[in-house]
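# Per-entry structural report
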Amino acid sequence: MKKIKIGQIGVCHEHASGKMYTMKLRPDLFEIVGVADDRASTAAKFAGTDLKPYDGLPLMSEEELFRIPGLEAVTVEVPNLDLVPTAMRCLERNLPIHMDKPGGDDYEAFRRLRRGYEERNLAFQMGYMFRGNPAFNWIRRAVEKGWLGDVFEVQASMSHNYGGEEYQEYIGKFSGGIMFNLGCHLIDFVVALLGRPTGVTPFLKSTADLPERIKNNCVAILEYPHATATLRSCSREIDGLPGRRLKVCGTKGSADLCPLEHFDRNALLMNVVLSEDNAEYKAGVHTLEFGPIRDRYESELEDFARFIRGEAVNAYDCGHDCLVEEVLLAASGYTKWNA
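What counts and how
- Within each chain, residues carry numbers counting from 1 in the order of the written sequence.
- Only residues with pLDDT of at least 70 get local features here, since the model is predicted, and only at 80 or more are side-chain atom pairs given and counted; chain-wide, interface and lining totals rely on the full set of residues.
- For the side-chain quantities, the full set of heavy atoms in the structure was used; hydrogens and water were omitted.
- A pair of strands is labelled paired if DSSP reports no fewer than 2 bridges between them.
- Secondary structure elements are taken from DSSP: a helix is a run of H or I of four residues or more, a strand is a run of E of two residues or more, and numbering for both begins at the N terminus.
- For each residue, the accessible area found with a 1.4 Å probe, counting protein chains only, is set against the maximum for its type, and the residue is called buried under 20%, exposed over 50%, and partly exposed in between.
- Working rule for helices: expected span equals 1.5 Å times residues minus one.
- Contacts between residues were defined by any pair of non-hydrogen atoms, one from each residue, lying within 4.5 Å.
- Polar contacts, as used here, are pairs of N or O atoms within 3.5 Å; protein pairs need one atom able to donate a hydrogen and one able to accept it. Residues neighboring in sequence count only if both atoms are side-chain atoms.
- By definition here, a salt bridge exists when the distance from a side-chain nitrogen of Lys or Arg to a carboxyl oxygen of Asp or Glu is within 4 Å.
- Criterion for a disulfide: a pair of cysteine sulfur atoms at a distance within 2.5 Å.
- For helices, the axis comes from a line fit to the C-alpha atoms of the stretch in contact; other axes are also lines fit to C-alpha atoms, and the angle between any two N-to-C directions lies between 0 and 180 degrees.
- Should an angle fall under 35 degrees it is called roughly parallel, over 145 degrees roughly antiparallel, and 65 to 115 degrees roughly perpendicular, with every other angle called oblique.
- Take the far helix as the reference: if the near one is turned anticlockwise from it by less than a right angle, the crossing is left-handed, and if turned clockwise, right-handed.
- Side-chain classes follow a simple rule in which Ala, Val, Leu, Ile, Met, Phe, Trp, Tyr, Cys and Pro form the nonpolar group, Asp, Glu, Lys and Arg form the charged group, and the remainder, Gly included, forms the polar group.
- Here the aromatic set is Phe, Tyr and Trp, taking the six-membered ring for Trp, and pairing holds for ring centres within 6.5 Å; pairs whose planes are under 30 degrees apart are stacked, those over 60 apart are edge-to-face, and all others are tilted.
- Comment: the charge-over-ring label is applied if NZ (Lys) or CZ (Arg) is within 6 Å of the ring centre and within 35 degrees of the ring normal.

## With respect to the sheet that holds strand 6 (residues 124–126)
Taken together, six strands build an open sheet; the order of strands is 3-2-1-4-5-6 and the sheet is parallel. A strand with exactly one partner marks an edge of an open sheet, and here the two such strands are strand 3 (59–60) and strand 6.

## Section: unusual backbone geometry
Cis geometry is adopted by the peptide bond preceding Pro 102, which originates at Lys 101 and carries an omega value of -15°. Structurally, Pro 102 can be placed in the loop between strand 5 (97–99) and helix 4 (107–119). Put simply, Gly 291 and Pro 292 share a cis peptide bond, and its omega is 10°. At Arg 265, a residue that is not glycine, the phi angle is positive and equals roughly 75°. Counting through the fold element by element, Arg 265 comes out in the loop between strand 12 (253–257) and strand 13 (268–274). Of the residues examined, Arg 265 reaches a relative accessible area of 78% and is grouped as exposed.

## Considerations on helix 5 (residues 134–145)
Since one α-helical turn is 3.6 residues long, residues separated by three or four positions face the same way. Given a rise of 1.5 Å per residue, 12 residues ought to cover 16 Å, and the 16 Å separating the end C-alpha atoms of helix 5 matches this to within 8%. Turning to helix 5, its buried residues are Ala 135, Phe 136, Trp 138, Ile 139, Arg 140, Ala 142 and Val 143. Those residues of helix 5 hidden inside the fold are in contact with strand 7 (151–157), helix 7 (177–194), strand 11 (245–250), strand 12, strand 13 and strand 14 (284–290). Its side-chain oxygen placed 2.9 Å from the backbone nitrogen of Ala 135, Asn 133 serves as the N-cap of helix 5. Just beyond helix 5, the residue with positive phi is Gly 146, at close to 85°.

## Digging into the pattern of salt bridges
What the rule picks out here adds up to 26 salt bridges. Its salt-bridge partner being Asp 28, residue Arg 26 comes within 2.7 Å of it at the nearest N-O pair. In this structure, the salt-bridge partner of Asp 55 is Lys 52, at a minimum N-O distance of 3.8 Å. Overall, Lys 52 belongs to the exposed group, its relative accessible area being 59%.

## Side note on the side chain of His 185
Tracing the chain through its elements places His 185 in helix 7. For His 185, the side chain forms a polar contact with the main-chain nitrogen of Met 129, separated by 3.3 Å. If we skip the residues at most four places from it in the chain, His 185 touches His 15, Lys 101, Gly 127, Tyr 128, Met 129, Phe 130 and Met 158.

## Quick word on the state of the cysteines
Overall, the coordinates contain zero disulfides when judged by the stated rule. Cysteine Cys 12 shares no disulfide, and the gap to the nearest cysteine sulfur, in Cys 90, comes to 16 Å. For Cys 12, a relative accessible area of 2% puts it in the buried group.

## As for the packing of helix 5 against helix 7
Contact geometry of helix 5 with helix 7 gives a least axis separation of 10 Å together with a crossing angle of 20°. Between helix 5 and helix 7, the angle is such that the two are roughly parallel. The handedness of the crossing between helix 5 and helix 7 comes out as right-handed. Within the contact between the two elements, helix 5 uses Phe 136, Ile 139, Arg 140 and Val 143 and helix 7 uses Phe 189, Ala 192 and Leu 193. The class makeup of the residues in the contact of helix 5 with helix 7 is six nonpolar, no polar and one charged.

## A closer look at the packing of aromatic side chains
Taken as a whole, this structure holds 13 aromatic pairs when the rule is applied. With centroids separated by 5.8 Å and ring planes inclined at 50°, the aromatic side chains of Trp 138 and Trp 147 adopt a geometry described as tilted. Owing to a relative accessible area of 9%, Trp 147 belongs among the buried residues under this scheme. An angle of 70° between the planes, with centres 5.5 Å apart, marks the rings of Trp 147 and Tyr 281 as edge-to-face. Taken together, the residues span a long stretch of sequence, with Trp 147 in the loop between helix 5 and strand 7 and Tyr 281 in the loop between strand 13 and strand 14 at a distance of 134 residues. Take Tyr 281: its relative accessible area is 19%, and that puts it in the buried class. Put simply, the rings of Phe 46, Tyr 162, Tyr 167, Tyr 170, Phe 174, Phe 180 and Tyr 334 touch in pairs and so form one group of aromatic residues. A cation over a ring is seen here: Arg 131 above Tyr 316, with NZ or CZ 3.9 Å from the ring centre.

## Some thoughts on the pairing of strand 9 (residues 217–224)
Relative to strand 9, strand 8 (residues 199–205) runs antiparallel, the two sharing seven bridges. Bridged to Lys 205 within strand 9 is Asn 217. Examined bridge by bridge, strand 9 and strand 10 (residues 227–234) share eight bridges and lie antiparallel to one another. When the bridges of strand 10 are listed, Leu 222 appears paired with Ala 229.

## A short note on the sheet that holds strand 8
The strands making up a sheet associate through hydrogen bonds between their backbones, and the pairing can be parallel or antiparallel. With mixed pairing, the eight strands of this open sheet are ordered in space as 8-9-10-7-11-12-13-14. With one partner strand each, in any of the chains shown, strand 8 and strand 14 form the two edges of the open sheet. Looking at each pair of strands side by side, their axes are set apart by 10° on average, direction ignored. Most of the contacts of helix 5 go to strand 13, to which it runs at about 20°, and overall it touches strand 7, strand 11, strand 12, strand 13 and strand 14.

So this is what it looks like as structure tokens:
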């Protein structure tokens, strides 16, 4: 199978080094031709000082990367507010992209970008990391098949306690705070599960030790006709990473996942309770095992390769991605929700 000739624009996104690690993990899929160095960007960033993940690869300008003969695709891994403008330059060159999250703070700019990719029939993939998570995907399948009945509640958290004071200052650069930076992953899942909400209400707070401008303690409530989704993220939760949680409750059962992910060669576990038998599971309590999963991004980048080759169609289409962006901006306080 011919490898995809791919480059990366940026080392300054929080997921940049992880994406590079994953591409290096799959030399059967990707031929990495170079990395565009974005360290001169003045946009808010919390990465880019460690270049070890890019050992053995040439660092160059964006224009130099674009001029590499036969370049077939790009991963866009620049700071959050540089993502959409950088992706637009890729669109101008008809390059398929994997663009990291979130989709910027300008809905119309994101919509133009996403529609441009759809109109040109070019592969476009957002870097919402739970799209490749098998437990999240099991829940989506269970809801589609009716195993959990009518969903009435979603609870999810994306908290942590890493990064020290530097991270708090970084989050303070976004008026949407940590909901904008991390809550987007949860919003992507809820929108895929339940669709367009009837209401979106943000609660953007700071913890007591920080200035009010640093919105590091956030909750968003998404309302549906018969359900609510409560999404939380805080950067001061002690041992918060292993405490990240997703619980989905319906009239016939529930699923409870904690932690949301790990890559320590142990299986990811999720507790499921069902009130009725279905085609695959008996009524009762189940502990489902997924994995072990060796890498956070491997599944989604495998999909990206399939999209480029025309072997698969991205289930997360333009309409979905634009709706996620619309909900995210309302949940982060940038806009008012228009039901």
